[in-house]
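A structural walkthrough
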Amino acid sequence: QVQLVESGGGLVQTGGSLRLSCAASGSVTSFTSMVWYRQAPGKQRELVATITNGGITYHADSVKGRFTISADNAKNTVYLQMNSLKPEDTAVYYCNADFWRGPHNVWGQGTQVTVSS
């Protein structure tokens, strides 16, 4: 069964950096798109960044200039480089992926990012 596994979260101070990864495992075709979401306690889940297999990226205004999404197509892995972290970036970060011939809308279990003041 296809799984997405996030890693790289942790506790950092304001201004620090983290690099998240999300790797697909199991029988899967090439991804068509991968997306990073985040959800803080008591808040609605929000879109952070997206990337297509062709390398087209989008970053939410709240993270633009600080976060960078990238992917290793051959490994079906997506990364989120997070720099200049702020306390408001504290959340559980989830990846979501669609694959060319399925499955679609696959979610990882999330990785916690905590930014202290």
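These lines cover the structure that appears in this document, whether it is placed above or below. The shown structure was predicted, so the numbers you read here are calculated from the model rather than taken from an experiment. (Residues numbered from 1 in each chain as written. Predicted model: local features only at pLDDT ≥ 70, side-chain atom pairs only at ≥ 80, totals over all residues. Heavy atoms only, no water.)

1. Some details on the nonpolar core
Generally speaking, soluble globular proteins have nonpolar side chains that are buried together. Counting residues in each nonpolar core, the largest one holds 30 residues, and the members touching the most others are W36, L80, M82, Y93 and F99. Taken together, the elements giving at least two residues each to this core come down to β3 (18-25), β4 (31-39), β5 (46-52), β7 (67-72), β8 (77-82), β9 (91-99) and β11 (111-116). Those residues in contact with M82, other than ones at most four positions away along the chain, are G16, S17, L18, L20, R66, F67, Y93 and V113. (Core = buried A, V, L, I, M, F, W, Y, C linked by side-chain atoms within 4.5 Å. Buried < 20%, exposed > 50% of the residue type's maximum accessible area, 1.4 Å probe, protein only. Helix = DSSP H or I, 4+ residues; strand = E, 2+ residues; numbered from the N terminus. Contact = heavy atoms within 4.5 Å.)

2. Points about the sheet that holds β7
Here we have four strands laid out as an open sheet, ordered β1-β3-β8-β7, and antiparallel in their pairing. If you trace the sheet from one side to the other, it starts and ends with β1 (3-7) and β7, each paired once. Each strand of the sheet is rotated relative to its neighbour by a mean of 15 degrees, with strand direction disregarded. As paired elements, β7 and β8 share six bridges and run antiparallel to each other. Residue pairing across strands places A71 opposite V78, the latter belonging to β8. (Pairing = 2+ DSSP bridges. Axes fitted to C-alpha atoms, helices over the stretch in contact; angles between N-to-C directions.)

3. Considerations on the packing of aromatic side chains
Counting across every chain of the model gives two aromatic pairs. Here the aromatic rings of Y37 and W107 are separated by 5.1 Å at their centres, their planes lie at 40 degrees, and the arrangement is tilted. Within this pair, whereas Y37 is found in strand β4, its partner W107 is found in strand β10 (residues 106-107), the two being separated by 70 residues in sequence. A ring pair is formed by Y94 and W107, whose centres lie 6.4 Å apart and whose planes are at 80 degrees; its orientation type is edge-to-face. You can see Y94 sitting in strand β9 and its partner W107 sitting in strand β10, a full 13 residues away along the chain. Residue classification places W107 among the partly exposed positions, given a relative accessible area of 34%. Three or more aromatic residues joined by ring pairs form one cluster here, namely Y37, Y94 and W107. (Phe/Tyr/Trp six-rings, centres within 6.5 Å; stacked < 30°, edge-to-face > 60°.)

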